[in-house]
Amino acid sequence: MTHTAHTPTTRVAKESAAPRTTPRKATKSPRPGRGVLRRATPWLFLLVPLALLITFTYVPVANMIYYSFTDWDGVSPEIHVVGTGNYTELFTRPELFRVFLVSFYYLAASVVQIVIALYFATVLSFNLRLRNLFKGILFFPYLVNGVAIGFVFLYFFQDGGTLDSVLSWFGAGTDHAWLGDPTSANVSLAGVSVWRFTGLNFVLFLGAIQSIPGELYEAAELDGATRRHQFRYLIVPSIRPVISLSVILAVSGSLSVFEIPYIMTGGATGTTTFVIQTVKLAFQFNKTGLASAAAVVLLLIILLITWIQRRLVPDEKVDLV
C-alpha cells in the first residue's frame, strides 16, 4: 500500500480550490416611520412660511370679503349683513370710480421709468468707468422710506422751495404753485414716483442682462453687430419675461398708489387715488363695509388686468445657448 504524503503546498492548493463562502452582513430593515418622515420634511420647512402667509394674507383677505357684505363702521361690535348693498352703492356712484383717472398719470410715469431703467441697465452692463457708483445712485432712492420721500419733495415743490430756487437761477418765473392745480400736482407726484421706483426696475433689468452668457456678445461682435443691434436682437428677447413682469408691476402699482400723494397732498387738488379714497371711506367716514367692497373691487380689477396681460403677452421660453 502506498501512502501519499500531504505536503503543505498540496493542502493550500486544495483549500484554494474549494469554494469559499463568506458570511453576508445582516442588512438592517428600514424603520417604518423613516419614509413618512422623509416625505414630511419639505412640509416641515414650509410650515412656518405657510403659517405666516395664511395668518397675514389669506385670513385678512377673507375678513375683508366678509366685511364687504356688512354695514360695519369699524368701531361698533354689532355687524349687520347687508348683502350686495355696498357693491350696489359703489357701482351706482360714478364719483367713486372717477378717481381712477388719476392713475393714468402714474401709468404714464411707469412707462417713463421702465424706459429709463432699461436704458441705464443696458449701458451699465458693459465695461464703464465708475459704473458701480452709478448703480448705487440709481438704486438709492428705492431704499429710502416713502414717507421721508414725501416730506422731502413736499418742501421741494412748495412755493419758494428748492425747485423755484433752481429755476430762478435760469431766469424762469417762480410764481407757479406746483401742487396748486390738479394737472400740475399729478404730474409732479408722478415725477416723484419715477424718481423713486426707477431703481427697482433698474436692478431687475440689470440682473437679467448680466445673466446673458458672454459668448453671445462675443459672437455678435464677430458678426459685426453694434451696440444697438445687440440691444434689439439679443438683450430685449433675452429679458422679455423680466420686462413683462415690470409691466405687470407698473400697472398694478399705478392703480394702487397711496403713500406719495397721501403724504404730499392728502388727496387734495384732484390727486385722490382709489386707495386714498378707500382709506378715507374706512377711517374718516366710518364706512368700513363700503371701503372693504372698494378694496375687493380693486383687487379684482388688478387680477383681471394681470390675467389679460398674461394672455396677450405670454411668457416665451428663451434659449440663450
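Residues numbered from 1 in each chain as written. Predicted model: local features only at pLDDT ≥ 70, side-chain atom pairs only at ≥ 80, totals over all residues. Heavy atoms only, no water.

1. Describing the overall build of the protein chain
Part 1 of the argument: Across its full length, the protein chain holds 15 helices and zero strands.
Part 2 of the argument: Counting across all 321 residues of the protein chain, residues that qualify as buried make up 31%.
Part 3 of the argument: Counting contacts in the protein chain only where the partners sit at least 6 residues apart, residues at least 24 apart contribute 66% of the total. (Helix = DSSP H or I, 4+ residues; strand = E, 2+ residues; numbered from the N terminus. Buried < 20%, exposed > 50% of the residue type's maximum accessible area, 1.4 Å probe, protein only. Contact = heavy atoms within 4.5 Å.)

2. Overview of the packing of helix α9 (residues 182-210) against helix α12 (residues 240-255)
Part 1 of the argument: Closest axis-to-axis distance for the α9/α12 pair is 10 Å, and the angle between their directions is 165 degrees. As far as their axial angle goes, α12 and α9 are roughly antiparallel. Helix-helix and strand crossings are classified by hand; for α9 and α12 the assignment is right-handed. Counting all contacts with α9, which are made through Asn201, Leu204, Phe205 and Ala208, the residues of α12 involved are Val242, Ile243, Ser246 and Leu249.
Part 2 of the argument: Classifying every residue of the contact of α9 with α12 gives six nonpolar, two polar and no charged. (Axes fitted to C-alpha atoms, helices over the stretch in contact; angles between N-to-C directions. Parallel < 35°, antiparallel > 145°, perpendicular 65-115°, else oblique. Left-handed = near helix turned anticlockwise from the far one by under 90°. Nonpolar A, V, L, I, M, F, W, Y, C, P; charged D, E, K, R; others polar.)

3. What about the packing of aromatic side chains?
Part 1 of the argument: Applying the stated criterion across every chain yields a total of 16 aromatic pairs.
Part 2 of the argument: Note on tyrosine 66 and tyrosine 67: the rings are 5.7 Å apart at their centroids and 50 degrees apart in plane angle, and the pair reads as tilted.
Part 3 of the argument: Aromatic rings pair up to connect Phe91, Phe97, Phe100 and Phe274 into one cluster.
Part 4 of the argument: Here the basic side chain of arginine 227 rests over the ring of phenylalanine 126, its NZ or CZ set 3.9 Å away from the ring centre. (Phe/Tyr/Trp six-rings, centres within 6.5 Å; stacked < 30°, edge-to-face > 60°. Lys NZ or Arg CZ within 6 Å of the ring centre and 35° of its normal.)

4. Quick word on the confidence of the model for the protein chain
The predicted coordinates of low-pLDDT regions are not to be read in fine detail.
Part 1 of the argument: Across the protein chain, pLDDT averages 84, with 86% of residues at or above 70.
Part 2 of the argument: Below pLDDT 50 for its whole length, residues 1-10 participates in two contacts with residues either more than four positions away or in separate chains.
Part 3 of the argument: Considering only residues more than four positions removed or in separate chains, one finds that residues 12-17, a stretch of pLDDT under 50, has one contact. (pLDDT = per-residue confidence, 0-100.)

5. A few points about the pattern of salt bridges
Part 1 of the argument: Going through the model one piece at a time under the given rule, you end up with four salt bridges.
Part 2 of the argument: Across the salt bridge formed by arginine 93 and glutamate 89, the nearest N and O atoms sit 2.9 Å from each other.
Part 3 of the argument: Between arginine 196 and glutamate 259 there is a salt bridge, with its nearest N and O atoms 2.1 Å apart. Here arginine 196 is found in helix α9, whereas its partner glutamate 259 is found in helix α13 (residues 259-264), with 63 residues between them in sequence.
Part 4 of the argument: On the accessibility criterion, arginine 196 (9% relative accessible area) is buried.
Part 5 of the argument: In this structure, a network of salt bridges that share partners links the residues Glu89, Arg93 and Glu95. (Salt bridge = Lys/Arg side-chain N within 4 Å of Asp/Glu carboxyl O.)

6. Thoughts on the side chain of glutamine 277
Part 1 of the argument: Looking at the element boundaries, glutamine 277 is found in helix α14 (residues 274-283).
Part 2 of the argument: Judged by its relative accessible area of 12%, glutamine 277 falls in the buried class.
Part 3 of the argument: Contacts of glutamine 277, omitting those with residues within four sequence positions, involve Glu95, Leu96, Val99 and Thr272.

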